[in-house]
Amino acid sequence: MAAGQRLVAYERVSTVRQGQSGLGLEAQRRQIAEFAASRGAEVLARFTEVESGRKADRPELAKALHHAKVTGATLVIAKLDRLSRNAAFLLALRDSGVKFVAVDMPEANDLTVGIMALVAEAEREAISRRTKEALASAKARGVKLGNPNGAAALKRAGKGGVALRATVAANADQFARDLAPVIADIRAAGHTTLRAVAAELSARGIRTRRGGQWGVGNVKDLLGRGCCRGR
(Lines give C-alpha, C1' and ligand atoms only; values in the text may rest on other atoms or scores of the structure.)
Protein backbone atom coordinates (compact mmCIF):
# COMPACT_ATOMS: atom_id res chain seq x y z
CA MET A 1 0.00 0.00 0.00
CA ALA A 2 1.45 3.32 -1.10
CA ALA A 3 1.85 6.17 1.37
CA GLY A 4 -1.01 8.63 1.27
CA GLN A 5 -3.54 6.07 0.09
CA ARG A 6 -7.16 6.62 1.07
CA LEU A 7 -9.22 4.07 2.97
CA VAL A 8 -12.89 3.40 3.67
CA ALA A 9 -13.37 1.47 6.92
CA TYR A 10 -16.03 -1.21 7.35
CA GLU A 11 -16.74 -2.61 10.81
CA ARG A 12 -19.32 -5.11 12.03
CA VAL A 13 -20.75 -6.07 15.39
CA SER A 14 -23.27 -8.85 15.62
CA THR A 15 -25.84 -7.52 18.10
CA VAL A 16 -27.53 -4.24 18.92
CA ARG A 17 -26.16 -4.49 22.47
CA GLN A 18 -22.60 -4.73 21.15
CA GLY A 19 -23.26 -1.79 18.86
CA GLN A 20 -24.49 0.37 21.72
CA SER A 21 -21.76 -0.66 24.14
CA GLY A 22 -18.91 -0.55 21.65
CA LEU A 23 -17.94 -4.11 22.59
CA GLY A 24 -15.71 -5.38 19.81
CA LEU A 25 -16.14 -2.18 17.81
CA GLU A 26 -13.46 -0.25 19.69
CA ALA A 27 -10.89 -2.97 19.00
CA GLN A 28 -11.71 -2.98 15.28
CA ARG A 29 -11.41 0.79 15.07
CA ARG A 30 -8.10 0.75 16.92
CA GLN A 31 -6.67 -1.90 14.59
CA ILE A 32 -7.77 0.00 11.49
CA ALA A 33 -6.42 3.30 12.87
CA GLU A 34 -3.05 1.72 13.67
CA PHE A 35 -2.93 0.10 10.23
CA ALA A 36 -3.67 3.41 8.50
CA ALA A 37 -1.12 5.29 10.60
CA SER A 38 1.60 2.75 9.90
CA ARG A 39 1.12 3.26 6.17
CA GLY A 40 0.44 6.98 6.16
CA ALA A 41 -3.06 6.35 4.81
CA GLU A 42 -6.17 8.47 5.38
CA VAL A 43 -9.51 7.02 6.51
CA LEU A 44 -12.08 8.91 4.44
CA ALA A 45 -15.21 7.34 5.90
CA ARG A 46 -16.34 4.71 8.35
CA PHE A 47 -19.35 2.38 8.02
CA THR A 48 -20.58 0.22 10.89
CA GLU A 49 -22.94 -2.74 10.51
CA VAL A 50 -24.93 -3.81 13.57
CA GLU A 51 -26.62 -7.10 12.75
CA SER A 52 -26.19 -10.83 12.58
CA GLY A 53 -23.33 -12.05 10.45
CA ARG A 54 -25.73 -14.62 8.96
CA LYS A 55 -27.87 -11.99 7.26
CA ALA A 56 -27.28 -11.58 3.54
CA ASP A 57 -28.66 -8.02 3.52
CA ARG A 58 -25.75 -5.78 4.55
CA PRO A 59 -26.78 -2.16 3.81
CA GLU A 60 -23.73 -0.58 5.46
CA LEU A 61 -21.41 -2.87 3.51
CA ALA A 62 -23.14 -1.78 0.29
CA LYS A 63 -22.64 1.87 1.28
CA ALA A 64 -18.99 1.26 2.15
CA LEU A 65 -18.31 -0.50 -1.17
CA HIS A 66 -20.07 2.26 -3.11
CA HIS A 67 -18.13 4.98 -1.29
CA ALA A 68 -14.85 3.21 -1.94
CA LYS A 69 -15.74 2.79 -5.62
CA VAL A 70 -16.68 6.41 -6.28
CA THR A 71 -13.70 7.79 -4.38
CA GLY A 72 -11.20 5.25 -5.68
CA ALA A 73 -10.36 4.35 -2.09
CA THR A 74 -9.51 0.94 -0.66
CA LEU A 75 -11.97 -0.82 1.64
CA VAL A 76 -10.31 -1.83 4.90
CA ILE A 77 -11.61 -4.28 7.49
CA ALA A 78 -9.98 -5.25 10.77
CA LYS A 79 -10.49 -9.00 10.73
CA LEU A 80 -11.28 -10.99 7.62
CA ASP A 81 -11.21 -14.23 9.61
CA ARG A 82 -14.11 -12.93 11.75
CA LEU A 83 -16.21 -12.59 8.59
CA SER A 84 -14.84 -15.56 6.68
CA ARG A 85 -17.83 -17.83 7.46
CA ASN A 86 -20.28 -15.44 5.80
CA ALA A 87 -20.57 -16.31 2.12
CA ALA A 88 -22.76 -13.27 1.32
CA PHE A 89 -20.14 -10.86 2.65
CA LEU A 90 -17.29 -12.59 0.84
CA LEU A 91 -19.11 -12.75 -2.49
CA ALA A 92 -20.12 -9.08 -2.25
CA LEU A 93 -16.51 -8.19 -1.54
CA ARG A 94 -15.19 -10.33 -4.39
CA ASP A 95 -17.67 -9.08 -6.99
CA SER A 96 -17.59 -5.39 -6.06
CA GLY A 97 -14.52 -4.52 -8.09
CA VAL A 98 -13.29 -2.50 -5.12
CA LYS A 99 -9.76 -2.84 -3.81
CA PHE A 100 -9.71 -4.13 -0.26
CA VAL A 101 -7.32 -4.98 2.51
CA ALA A 102 -7.77 -6.85 5.79
CA VAL A 103 -5.56 -5.84 8.69
CA ASP A 104 -5.27 -9.42 9.98
CA MET A 105 -4.79 -10.92 6.50
CA PRO A 106 -3.15 -8.32 4.22
CA GLU A 107 -2.21 -10.97 1.65
CA ALA A 108 -5.89 -11.79 0.91
CA ASN A 109 -7.09 -11.18 -2.65
CA ASP A 110 -10.06 -11.92 -4.93
CA LEU A 111 -9.06 -15.57 -5.26
CA THR A 112 -8.70 -15.92 -1.49
CA VAL A 113 -12.15 -14.59 -0.71
CA GLY A 114 -13.71 -16.59 -3.54
CA ILE A 115 -12.39 -19.81 -2.02
CA MET A 116 -13.47 -18.66 1.45
CA ALA A 117 -16.99 -18.04 0.14
CA LEU A 118 -17.27 -21.58 -1.20
CA VAL A 119 -15.99 -23.02 2.07
CA ALA A 120 -18.33 -20.79 4.11
CA GLU A 121 -21.37 -21.89 2.10
CA ALA A 122 -20.45 -25.57 2.44
CA GLU A 123 -19.90 -25.14 6.17
CA ARG A 124 -23.23 -23.37 6.63
CA GLU A 125 -25.05 -26.20 4.87
CA ALA A 126 -23.17 -28.81 6.91
CA ILE A 127 -24.02 -27.05 10.19
CA SER A 128 -27.68 -26.84 9.23
CA ARG A 129 -27.75 -30.53 8.30
CA ARG A 130 -26.04 -31.67 11.52
CA THR A 131 -28.37 -29.53 13.64
CA LYS A 132 -31.46 -30.94 11.95
CA GLU A 133 -30.15 -34.50 12.33
CA ALA A 134 -29.45 -34.01 16.03
CA LEU A 135 -32.91 -32.58 16.69
CA ALA A 136 -34.59 -35.28 14.57
CA SER A 137 -32.75 -37.95 16.56
CA ALA A 138 -33.96 -36.43 19.82
CA LYS A 139 -37.52 -36.23 18.53
CA ALA A 140 -37.39 -39.87 17.43
CA ARG A 141 -36.54 -40.85 21.01
CA GLY A 142 -39.62 -39.02 22.22
CA VAL A 143 -37.78 -36.05 23.68
CA LYS A 144 -39.73 -32.77 23.53
CA LEU A 145 -37.12 -30.06 23.18
CA GLY A 146 -37.91 -26.75 24.80
CA ASN A 147 -41.01 -27.97 26.65
CA PRO A 148 -41.82 -25.15 29.10
CA ASN A 149 -44.52 -27.04 31.00
CA GLY A 150 -42.68 -30.13 32.26
CA ALA A 151 -42.29 -29.05 35.89
CA ALA A 152 -45.74 -27.44 35.97
CA ALA A 153 -47.34 -30.65 34.71
CA LEU A 154 -45.67 -32.65 37.46
CA LYS A 155 -46.91 -30.21 40.08
CA ARG A 156 -50.45 -30.45 38.74
CA ALA A 157 -50.18 -34.23 38.94
CA GLY A 158 -49.42 -33.98 42.63
CA LYS A 159 -45.78 -34.96 42.44
CA GLY A 160 -43.39 -32.81 44.36
CA GLY A 161 -40.31 -32.68 46.51
CA VAL A 162 -37.63 -35.25 45.74
CA ALA A 163 -39.55 -36.91 42.90
CA LEU A 164 -40.15 -33.61 41.16
CA ARG A 165 -36.52 -32.50 41.45
CA ALA A 166 -35.28 -35.88 40.25
CA THR A 167 -37.56 -35.82 37.21
CA VAL A 168 -36.67 -32.25 36.28
CA ALA A 169 -32.96 -33.05 36.65
CA ALA A 170 -33.32 -36.17 34.50
CA ASN A 171 -35.11 -34.17 31.81
CA ALA A 172 -32.39 -31.51 31.92
CA ASP A 173 -29.68 -34.17 31.58
CA GLN A 174 -31.44 -35.73 28.61
CA PHE A 175 -31.85 -32.33 26.98
CA ALA A 176 -28.12 -31.69 27.43
CA ARG A 177 -27.29 -35.09 25.90
CA ASP A 178 -29.49 -34.31 22.91
CA LEU A 179 -27.70 -31.01 22.36
CA ALA A 180 -24.20 -32.39 22.96
CA PRO A 181 -23.48 -32.95 19.23
CA VAL A 182 -24.68 -29.43 18.45
CA ILE A 183 -22.50 -27.96 21.22
CA ALA A 184 -19.51 -29.92 19.94
CA ASP A 185 -20.10 -28.57 16.44
CA ILE A 186 -20.39 -25.00 17.72
CA ARG A 187 -17.16 -25.29 19.70
CA ALA A 188 -15.35 -26.85 16.76
CA ALA A 189 -16.33 -23.80 14.73
CA GLY A 190 -14.48 -21.59 17.23
CA HIS A 191 -17.38 -20.40 19.39
CA THR A 192 -15.97 -21.27 22.82
CA THR A 193 -17.15 -18.58 25.25
CA LEU A 194 -20.50 -18.91 27.02
CA ARG A 195 -21.83 -15.81 25.27
CA ALA A 196 -20.68 -17.03 21.85
CA VAL A 197 -22.26 -20.46 22.36
CA ALA A 198 -25.52 -18.82 23.46
CA ALA A 199 -25.57 -16.59 20.38
CA GLU A 200 -24.88 -19.50 18.06
CA LEU A 201 -27.61 -21.68 19.60
CA SER A 202 -30.10 -18.85 19.13
CA ALA A 203 -28.89 -18.26 15.57
CA ARG A 204 -29.58 -21.91 14.77
CA GLY A 205 -33.16 -21.60 15.97
CA ILE A 206 -32.69 -23.79 19.05
CA ARG A 207 -34.61 -22.84 22.18
CA THR A 208 -33.74 -23.53 25.80
CA ARG A 209 -35.42 -26.45 27.55
CA ARG A 210 -38.15 -24.08 28.71
CA GLY A 211 -38.62 -22.58 25.28
CA GLY A 212 -36.74 -19.33 25.88
CA GLN A 213 -33.74 -17.55 24.41
CA TRP A 214 -30.23 -18.63 25.35
CA GLY A 215 -28.16 -16.61 27.76
CA VAL A 216 -24.87 -17.10 29.55
CA GLY A 217 -26.61 -18.73 32.54
CA ASN A 218 -28.47 -21.25 30.39
CA VAL A 219 -25.32 -22.29 28.57
CA LYS A 220 -23.33 -22.55 31.81
CA ASP A 221 -25.97 -24.87 33.27
CA LEU A 222 -26.05 -26.94 30.08
CA LEU A 223 -22.27 -27.33 29.92
CA GLY A 224 -22.14 -28.12 33.63
CA ARG A 225 -23.95 -31.40 33.03
CA GLY A 226 -21.66 -34.39 32.55
CA CYS A 227 -22.80 -35.15 29.02
CA CYS A 228 -21.41 -31.86 27.70
CA ARG A 229 -18.11 -31.71 29.57
CA GLY A 230 -15.03 -32.06 27.50
CA ARG A 231 -16.93 -32.06 24.22
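Here is what the cut-offs are and how they apply
- Note that residues are indexed from 1 along each chain, following the sequence as it is written.
- Totals for whole chains, interfaces and linings use every residue, but because this is a predicted model, local features are given only for residues with pLDDT of at least 70 and side-chain atom pairs only at 80 or more, for both listing and counting.
- The side-chain quantities take in all heavy atoms of the structure and omit both hydrogens and water.
- Only DSSP runs of H or I covering at least 4 residues are called helices, and only runs of E covering at least 2 are called strands; the numbering of each starts at the N terminus.
- Burial status follows relative accessibility: with a 1.4 Å probe on protein chains alone, a residue under 20% of its type maximum counts as buried, one over 50% as exposed, and anything between as partly exposed.
- Between two residues, a contact is recorded if the distance between any of their heavy atoms is within 4.5 Å.
- The definition of a nonpolar core used throughout is a set of buried Ala, Val, Leu, Ile, Met, Phe, Trp, Tyr and Cys residues joined through side-chain atoms within 4.5 Å.
- Note on pairing: two strands pair once DSSP finds at least 2 bridges between them.
- Axis definition: a line fit to C-alpha positions, over the contact stretch in the case of helices; interaxial angles, taken between N-to-C directions, run 0 to 180 degrees.
- Here the angle decides the label: under 35 degrees means roughly parallel, over 145 means roughly antiparallel, 65 to 115 means roughly perpendicular, and every other value means oblique.
- Asp, Glu, Lys and Arg are counted as charged, while Ala, Val, Leu, Ile, Met, Phe, Trp, Tyr, Cys and Pro are counted as nonpolar; the rest, among them Gly, fall into the polar class.
- Any Lys or Arg side-chain nitrogen located within 4 Å of an Asp or Glu carboxyl oxygen qualifies as a salt bridge.
- Along the arc lie the directions from the helix axis toward the C-beta atoms.
- For every residue, the predictor reports its confidence as pLDDT, a number between 0 and 100.
- Between 30 and 60 degrees the pair is tilted, below 30 it is stacked and above 60 it is edge-to-face, where a pair is any two Phe, Tyr or Trp rings, Trp via its six-membered ring, whose centres lie within 6.5 Å.

## Notes on the overall build of the protein chain
- Helices and strands together make up the secondary structure of the protein chain, namely 10 helices and 4 strands.
- Along the chain direction, N to C, the helices and strands of the protein chain fall in the order β-α-α-β-α-β-α-α-β-α-α-α-α-α.
- Counting every position in the protein chain, which comprises 231 residues, the buried fraction comes to 37%.
- At a minimum sequence separation of 6, the contacts of the protein chain that also span at least 24 residues come to 69%.

## Concerning the nonpolar core
- By size, the foremost hydrophobic cluster in this structure holds 22 residues, and its most contacted members are Val 8, Tyr 10, Leu 75, Leu 80, Phe 89 and Leu 93.
- Those elements that provide at least two residues to this core are strand S1 (6-13), strand S2 (42-50), helix H3 (59-71), strand S3 (74-77), helix H5 (87-95), strand S4 (100-102) and helix H6 (110-140).
- Take this core: its biggest share by element is 4 residues, from H3.
- When sequence neighbours within four positions are dropped, the list of residues in contact with Leu 75 reads Val 8, Tyr 10, Leu 61, Ala 64, Leu 65, Ala 68, Leu 93, Val 98, Lys 99, Phe 100 and Val 101.
- Core analysis: the next-biggest nonpolar cluster, separate from the first, contains 15 residues, Ala 176, Val 197, Ile 206 and Leu 223 among them.

## What to know about the pairing of S1
- Within S1, 7 of the 8 residues are buried, which leaves the element mostly enclosed by the surrounding structure.
- Summarising the sheet, S1 and S2 pair through 8 bridges and their orientation is parallel. Bridge pairing links Val 8 to Ala 45 in S2.
- Note: S1 against S3, 3 bridges, orientation parallel. By the bridge assignment, Ala 9 is partnered in S3 with Val 76.

## Looking at the packing of helix H9 (residues 194-203) against helix H10 (residues 216-223)
- Their axes nearest at 8 Å, the elements H9 and H10 cross at an angle of 100 degrees. Taken together, the axes of H9 and H10 lie roughly perpendicular to each other. For the pair H9 and H10, the contacting residues are Leu 194, Arg 195, Val 197, Ala 198 and Leu 201 in the first and Val 216, Val 219, Lys 220 and Leu 223 in the second.
- Class assignment for the residues of the contact of H9 with H10 results in 7 nonpolar, no polar and 2 charged.

## Thoughts on the pattern of salt bridges
- Per the stated rule, a full pass over the model turns up 3 salt bridges.
- Residue Glu 60 is joined to Lys 63 by a salt bridge in which the shortest nitrogen-to-oxygen separation is 3.1 Å. With Glu 60 and Lys 63 both in helix H3 and 3 residues apart, the pair spans about one turn of that helix.
- Residue classification places Lys 63 among the partly exposed residues on the basis of a relative accessible area of 45%.
- Because the salt bridges share partners, they merge into one network encompassing Glu 11, Arg 29 and Arg 46.

## Here we look at H5
- Within H5, the full set of buried residues consists of Ala 87, Phe 89, Leu 90 and Leu 93. Down the axis of H5, the buried set is contained in an arc of 165 degrees. They therefore lie on one face.

## Brief notes about the confidence of the model for the protein chain
- For the protein chain, the mean per-residue pLDDT works out to 76, and 71% of the residues sit at or above 70.
- Taken as a whole, residues 18-22 scores under 50 in pLDDT and shows 5 contacts with residues more than four places along the chain or in a different chain.

## Observations concerning the sheet that holds S2
- In space, the 4 strands of this open sheet follow the order S2-S1-S3-S4, with parallel pairing throughout. Unpaired on one side and paired on the other, S2 and S4 mark the two borders of the sheet. Pairwise comparison of adjacent strand axes, ignoring direction, gives a mean angle of 25 degrees for this sheet.
- In the packing of H3 onto the sheet, the strands contacted are S1, S2 and S3, and the crossing angle to S2 comes to about 160 degrees.

## Description of the packing of aromatic side chains
- With the rule as written, the count across this model stands at 1 aromatic pair.
- Judged by centre distance (6.3 Å) and plane angle (10 degrees), the ring pair of Phe 175 and Trp 214 falls under stacked. Within this pair, whereas Phe 175 is found in helix H8 (residues 161-188), its partner Trp 214 is found in the loop between H9 and H10, the two being separated by 39 residues in sequence. Trp 214 shares its class with Phe 175; the two are buried.

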